Amino acid sequence: MTDPASTPDDRTEHPTGTAGPTLGKDAAAPALDADRRPRSRRGGEDDAALRDAFGRLRAEVGKAVVGQEGAVSGMIVGVLGQGHVLLEGVPGVAKTLLVRSLAAAMSLDTKRVQFTPDLMPGDVTGSLVYDASTGTFPFREGPVFTNVLLADEVNRTPPKTQSALLEAMEERQVSVDGAARPLPDPFFVAATMNPIEFEGTYTLPEAQLDRFLMKLVLEVPPRDVEWQVLRRHADGFVPRDVRSAGVSPVLGVDEVLAAQRAVGAVGARDDVLAYVVDLARATRQAPSVRVGVSPRGATALLAAAKAWAWLTGYDAITPDHVQAMVVPVWRHRLRVAADAELEGVGADGVLQQVLEQVRVPI
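Conventions we followed
Residues numbered from 1 in each chain as written. Predicted model: local features only at pLDDT ≥ 70, side-chain atom pairs only at ≥ 80, totals over all residues. Heavy atoms only, no water. Pairing = 2+ DSSP bridges. Helix = DSSP H or I, 4+ residues; strand = E, 2+ residues; numbered from the N terminus. Axes fitted to C-alpha atoms, helices over the stretch in contact; angles between N-to-C directions. Contact = heavy atoms within 4.5 Å. Patch = residues over 30% accessible without salt bridge, like charges linked within 9 Å, V, L, I, M, F, W, Y side chains within 5 Å. Areas by Shrake-Rupley, 256 points an atom, 1.4 Å probe, with all protein chains shown as cover. Salt bridge = Lys/Arg side-chain N within 4 Å of Asp/Glu carboxyl O. Core = buried A, V, L, I, M, F, W, Y, C linked by side-chain atoms within 4.5 Å. Buried < 20%, exposed > 50% of the residue type's maximum accessible area, 1.4 Å probe, protein only. Parallel < 35°, antiparallel > 145°, perpendicular 65-115°, else oblique. Left-handed = near helix turned anticlockwise from the far one by under 90°. Nonpolar A, V, L, I, M, F, W, Y, C, P; charged D, E, K, R; others polar. Expected span 1.5 Å × (residues − 1).

Points about the sheet that holds strand β10 (residues 188-193)
Taking strand neighbours across the sheet as the criterion, the five strands line up as β4-β7-β10-β3-β11 in an open arrangement whose pairing is parallel. The outermost strands of the open sheet, each flanked by one partner alone, are β4 (110-114) and β11 (214-217). Looking at each pair of strands side by side, their axes are set apart by 20 degrees on average, direction ignored. Bridging between strand β3 (residues 85-88) and β10 involves four bridges; their strand directions are parallel. Bridge pairing in β10 links V85 to A190. Packing against the sheet, helix α3 (residues 95-106) makes contact with β3, β4, β7 (148-152) and β10, and its axis sits at approximately 170 degrees to β7.

See the structure below:
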């Protein structure tokens, strides 16, 4: 398997949690053969300006969030791939701060919903409310009508309320009383989740998990990074106010939509598409897997690979881009067999084995 890493002096964390290329105009591309290196894309200058803007976006988020470079990259890929992102980690590893900082740096409308056991579906999507002055029942929009929805601790509410997000995440609309109401464009759900073994949590329904483009795992930072966090707090940083860290808008709605269109124009060779199919089929045949990746999971991997290829200056996806996205895009779609789990086998390990076993197109 080709290592999707840049030069030793230009490495950072990509969404798989291993070293990978940075974002921005100075990003080094994955090591490839000469005939597969970046070429000029349609609207080259415009694309370069947009990529540079997303590089600045990463830098702005880094003013508030320290030591989670891979998660920042994953969030950006999620926005560009027009998908949603699930953030998992113990309390206090900057999951909420990451989402709030990203929304602030993109100058997008954002709303937060704190998921609790007594939250009702209408509290998320909105509902019909009686107006005594007119004798009618107008629709009152819920917090889902926004550009960036922060679904905080989404696994602390029962499945009935979790399922209220399904139509919004998949169809980008809310249906109430027979009327479909479109959501703003762009629309992005960033849901945070504590590990399921913690008390007071619920397992997310399979259908909802499948609507998330990626699942990113935020780990407790190493000692030197934790020191930097404390240093910032000692200097007056207030997590409730990302502006206090100097985070300022570098992108708007128009730039985000233009970048999403550019990502959609990224090409894919037939042999690379076949590689994605072979990877998906290999997960279904793995002996330690009870449920493998579905065709929807394959299309999600394609969308994420195209976003990563665009960010690194490529006009078509390569196997390196596919490999870089496999773990974050598929880790929440696999169901490992119970006996394998007892032996310590996890979804990430299974996916690494699949990457090693499936033939890479030359």
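Here we look at a nonpolar patch on the surface
A contiguous nonpolar surface patch, about 320 Å² in accessible area, is contributed by L128, Y130 and F137. Within the fold, L128 resides in strand β5 (residues 126-128).

Examining the nonpolar core
Among the nonpolar cores identified, the biggest contains 83 residues, and M75, W310 and V322 are the most heavily contacted of them. In contact with M75, not counting residues within four places along its chain, are V85, L87, L98, V99, L102, F188, A190 and L216. The next biggest cluster of nonpolar side chains, apart from the first, holds 24 residues, and it includes L86, L119, L183 and F187.

Regarding the pattern of salt bridges
Where charged atoms from two side chains of opposite charge approach closely, those side chains can pair. Per the stated rule, a full pass over the model turns up 13 salt bridges. The salt bridge involving E153 is made with R156; its shortest N-O contact spans 3.0 Å. Sharing partners across several salt bridges, the network here consists of D210, R296 and R333.

With respect to the packing of helix α10 (residues 270-285) against helix α11 (residues 295-311)
It is at 10 Å that the axes of α10 and α11 come closest, and there the two elements cross at 135 degrees. The angle between α10 and α11 places the two elements in the oblique class. The element α10 and its partner α11 pack so that their crossing is right-handed. Facing L273, V276, A280 and R284 of α10, the residues of α11 in contact are P295, A298, L301 and L302. For the contact of α10 with α11, the per-class residue count stands at seven nonpolar, no polar and one charged.

Points about helix α2 (residues 69-80)
With 12 residues, α2 should reach 16 Å at 1.5 Å per residue; the first-to-last C-alpha distance of 17 Å fits that figure. Of all 12 residues in α2, 11 are buried; the element is thus mostly enclosed. Along α2, the positions that sit buried rather than exposed are G70, A71, V72, S73, G74, M75, I76, V77, G78, V79 and L80.

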